[in-house]
Amino acid sequence: MAAATWRLLSFVSLLACWQVVVIFWQPQLLPSPVDIAERVWLEGVSGSLLANLLATMQRVGLSFLFAMLLGVPLGLWMAYSRRADLLLDGINTIFMNIPALVVIILCFLWLGLNEKAAVAAVVINKIPVIVVTMREGGKAIDFKLMAVARAFNLSRRRTLIDVYFPQLYPYLLAATRAGLALVWKIVLVAELIGCSNGVGFQLGIYFQYFDIAGILAYTFAFVGIVLISEAGLIRRWESSVMRWRT
Amino acid sequence: MMTVNIANKSYYRDGAAAAVIQDLAFEVKTGEFLAIVGPSGAGKSTMLNLIAGVDTKFDGRISHSNSNTGSPKLGIMFQEPRLMPWLTLLENVCLVSDSPNSTLTAVRAEAMLNTVGIAASSAQYPSQLSGGMQRRVALARALMSEPDVLLLDEPLVSLDQPAAMELRQLLLTVWQKHKFTIVYVTHQLEEAITLADRILFLSATPTKIIREECIDLPRPRQLLDVDALRISLCDREGLLSGRLG
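Residues numbered from 1 in each chain as written. Chains lettered and ligands numbered in written order. Predicted model: local features only at pLDDT ≥ 70, side-chain atom pairs only at ≥ 80, totals over all residues. Heavy atoms only, no water.

**Q** Would you explain the UniProt feature "domain: ABC transmembrane type-1" (unreviewed entry) in chain A in this entry?
**A** Mapped onto the present numbering, the UniProt feature "domain: ABC transmembrane type-1" (unreviewed entry) falls at residues 53–233 of chain A. As annotated, residues 53–233 of chain A comprises 89% helix and 0% strand, and the C-alpha atoms at either end are separated by 18 Å. (UniProt positions renumbered as here; feature names shortened; annotations may be inferred. Helix = DSSP H or I, 4+ residues; strand = E, 2+ residues; numbered from the N terminus.)

Below, the structure is given as C-alpha cells:
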C-alpha cells in the first residue's frame, strides 16, 4: 500500500473509534465526529469560520514573514561575526526562555489591544528560535565550496543561488517547519487575549459558553489548514531542494 | 606571463604568526606547463589558493601580463573534487561557464563530460559517483571554464594507476591543443617529469624554491626516460631522494 494510504488509514480509524465510543457511551462532554462535521458545515455556511480562519492565517503569515526577515540575517550575522555572537547570544537565550504568554501580555499592554501588538508579540517569540537555527546554518557553510566559486570567478548572483543558498536550505527548512508550528500556537494565544476576531478569539468565546462542539469544529478546521500547508507547501519545497540527497 | 611573488604568507594562531610561505617568487610563461613538487605540508595548496585568488590575505603580488587585456580566466582542480552535491553533473560543469543556462553550454558540457570519460548519465548527482569519477567531473569543470591559467592541486591523488595515466594523457592532449598555462602541484616527482616543461622544487615550510629543473624530454615521454631522469635527479640532489622518493 502506498504511504498516503497508510496515513489516511490512521486518520480514518481514529475517527471511526471516536464515533463508536460516542454512540455507545454517549458522554456529556464529547460530541461525535459527525456532530463536529455538522458544526463545521454550519459555521462555514454562516461565513464566520472563514472570516476567523482568514484573520488568523493573516496574522500567522505576517508574523512568520517578519520573524524570518529579521531572524535569518541576524542568525547568519552571529555565525560569521564572533563579536555579534558574543553580544547577542545571551540576549537571545533570555528571549528564548521568556514565556510566550508574558511577551504577549506585555505587548498588548505597551502597544495597545491592536493588530500591531499581536503580530509583534508573535515575532518576538519566534525570532530567537530562527536565530539559533540559522546560526548553525551559517557555521555549517563549507568554505571549500565557496572557494570553488571564488576561484572560477562566479558572479555574486550565481554564487548565492548555486553555491551558498543550497547549503542553507536544510536550515531554512528546519526554521520554517519549527517556526510555523510555533507561530500557529502562539497566534491563537495572542488572539485569545487581545484580539476581536480569529480562531483564538472564537475559541475563547466557546470556552465561556461551554460549547465543546464549537471548540472542536474550529480546532479541526484549523488543523486541517495547517496540515494542508505543511504537506502541500513545505513538503513540496523540501523535496524539490533536497532532491539530490536521494 | 604570470608572475608570482609571495613575500610572506602567515597564519595566526593564538596571536602568534607562523610563516607558511616566505619570499617565494617565480614566473610562468604563457602556455607553459609548470610542475611544482614539494613534500606534503609544504604550503603548496596554500600557494595555489593565493594564485587562485581564493585567499587574498598575504604580502606580495600575483600579476598577469597577458597579450590580451583583462585578467586571465582561471580554472582550478582541488585535491578533493569539490563538486556541488545539489547540482547534477551537467549543472556542475555548466556552472563555471559564462552563460550556464544556454543550450550551447549544455551541449559543450555534455561533450566535455564525454571527453573525460563520464559515460553515465549527466543528470546524476555527484554522490552517485565514485571518487575517481567525481575527479573526472572536476577536471571537466576546470576545462569547461576555458582557462588561460589552469591550476591543479594534486588532482590525481588517490586515483588508481590506469585512471591516473588516462587523465594525465587527456590533460596533455587538451593542453597541447589549447596551449593554456598550467601550474600543476604534486608530491610525485615521476608525475611531474612525465608532464611538465619545468619543475620547481619547494622546501618544507616556510616554503621556498630550492631547485629548478627544465625537462627537455620530447613528448610523448617514455616511461624509461622518465624513470632514468628521476633517478639521476635524485642522485644529484641527495636531499630530494629522501623527501620525494
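**Q** Quick question: what am I supposed to make of the UniProt feature "transmembrane region" (unreviewed entry) in chain A here?
**A** Residue and element names in this part refer to chain A. Per the UniProt record, "transmembrane region" (unreviewed entry) is found at residues 60–79, 91–111, 186–209 and 215–234. The span residues 60–79 carries 100% helix and 0% strand; its end-to-end C-alpha distance comes to 27 Å. Secondary structure content for residues 91–111 is 90% helix and 0% strand, and the end C-alpha separation is 22 Å.

**Q** Is there a simple way to think about the nonpolar core in this case?
**A** Most often, soluble globular proteins have nonpolar side chains that are buried together. One finds F26, M47 and I199 of chain B to be the most contacted residues of the largest nonpolar core, which totals 139 residues. Top contributing element to this core by residue count: helix α8 (residues 156–194) of chain A, with 13 residues. Here this core gathers at least three residues from each of two domains, domain 1 (1–28 + 37–73 + 187–244) and domain 2 (83–146) of chain B. If we ignore the near neighbours within four places in the chain, the residues touching M47 of chain B are I6, I21, L24, F26, I36 and V185 of chain B. Counting five residues, the second-largest nonpolar core is a separate cluster that includes W18, V22, L216 and A217 of chain A. (Core = buried A, V, L, I, M, F, W, Y, C linked by side-chain atoms within 4.5 Å. Buried < 20%, exposed > 50% of the residue type's maximum accessible area, 1.4 Å probe, protein only. Domains from an automatic or database assignment. Contact = heavy atoms within 4.5 Å.)

**Q** Teacher, can you tell me more about the domain arrangement of chain B here?
**A** Often, the extent of an interface is quoted as the loss of accessible area on bringing the components together. When cut into domains, chain B gives domain 1 (1–28 + 37–73 + 187–244) and domain 2 (83–146). Inter-centroid distance (C-alpha atoms) of domain 1 of chain B to domain 2 of chain B is 28 Å.

**Q** Which parts of the structure should I look at to understand the interface of chain A and chain B?
**A** Taken together, the contact pairs 15 residues of chain A with 24 residues of chain B. At the boundary of chain A with chain B, total buried surface from both sides reaches about 1,900 Å², with 68% on carbon and sulfur atoms. Of all residues in chain A, the largest losses of buried area upon contact with chain B belong to A151, F152 and W244 of chain A, amounting jointly to 36% of the total for that side. Scanning the region where chain A abuts chain B turns up one salt bridge. As a salt-bridge pair, E80 of chain B and K144 of chain A come within 3.4 Å of each other at their nearest N and O atoms. Here chain A is connected to chain B by four residue pairs in polar contact (both at pLDDT 80 or more). Contributing elements (two or more residues each) for the side of chain A that touches chain B: α7 (143–151) and α8 of chain A. (Buried area = accessible area lost by both parts, 1.4 Å probe. Salt bridge = Lys/Arg side-chain N within 4 Å of Asp/Glu carboxyl O. Polar contact = N/O pair within 3.5 Å; in protein donor to acceptor, adjacent residues only side chain to side chain.)

**Q** Explanation requested: the environment of I51 of chain B in the structure shown.
**A** Residue and element names in this part refer to chain B. Checked against the element boundaries, I51 lands in helix α1 (residues 44–52). Between the C-alpha atom of I51 and that of N5, which follows or precedes it by 46 residues, the distance is 9.6 Å. With near-sequence residues (within four places) excluded, I51 lies in contact with M2, V4, F26, I62, L74 and L151.

**Q** Is there a simple way to explain the sheet that holds strand β1 (residues 2–13) of chain B in this structure?
**A** Backbone-to-backbone hydrogen bonds pair the strands of a sheet. The strands run either parallel or antiparallel. Residue and element names in this part refer to chain B. Here we have three strands laid out as an open sheet, ordered β2-β1-β4, and antiparallel in their pairing. The sheet is open, and its two edges are formed by β2 (16–28) and β4 (59–64), each paired on a single side. Taking the axes of each pair of neighbouring strands and ignoring which way they run, one obtains an average angle of 20° across the sheet. One ladder, built from six bridges, connects β1 with β4; its direction is antiparallel. Counted as the bridge partner of V4 is I62 from β4. (Pairing = 2+ DSSP bridges. Axes fitted to C-alpha atoms, helices over the stretch in contact; angles between N-to-C directions.)

**Q** For this particular structure, what's the right way to read the pattern of salt bridges?
**A** As a working rule, side chains carrying opposite charge can pair if their charged atoms are close by. In total, this model carries 24 salt bridges over all chains according to the counting rule given. Linking D55 of chain B and K9 of chain B is a salt bridge whose minimum nitrogen-to-oxygen distance equals 2.9 Å. Here D55 of chain B is found in the loop between α1 and β4, whereas its partner K9 of chain B is found in strand β1, with 46 residues between them in sequence. Here D55 of chain B falls in the buried class, since its relative accessible area comes to 17%. Between R230 of chain B and E190 of chain B there is a salt bridge, with the nearest N and O atoms lying 3.8 Å from each other. Residue R230 of chain B is found in helix α7 (residues 223–236), and its partner E190 of chain B is found in helix α6 (residues 189–195); the two are separated by 40 residues along the sequence. Classification of R230 of chain B as buried rests on a relative accessible area of 17%. Look at the salt bridges and you will find they share partners, linking D85, D89, R135 and K139 of chain A into a network.

**Q** Would you mind going over the environment of T103 of chain B with me for this structure?
**A** Residue and element names in this part refer to chain B. Take T103: it is sitting in helix α3 (residues 103–115). Residue T103 is classed as exposed on the basis of its relative accessible area of 64%. A sequence separation of ten residues divides T103 from V93, and the C-alpha atoms of the two residues are 13 Å apart.

**Q** Honestly, empty space enclosed by the protein in this entry has me stumped. Any pointers?
**A** If a probe the size of a water molecule is rolled over the atoms, the empty space left behind becomes visible. All names here are of chain B. Overall, the coordinates contain three cavities of 30 Å³ or more when judged by the stated rule. In this structure, the largest cavity spans a volume of roughly 40 Å³. As for the largest cavity, its lining consists of M77, L139, L152, P155, L156, L167, R168, L171 and Y184. For the lining of the largest cavity, the leading source of residues is helix α5 (residues 161–178), giving three residues. Per-class residue counts for the lining of the largest cavity are eight nonpolar, no polar and one charged. (1 Å grid on protein atoms, 1.4 Å probe; cavity = no way out; pocket = protein on both sides within 12 Å on 5 of 7 lines; lining within 4 Å. Points joined across faces, edges and corners; volume = space filled by probe spheres on them. Nonpolar A, V, L, I, M, F, W, Y, C, P; charged D, E, K, R; others polar.)

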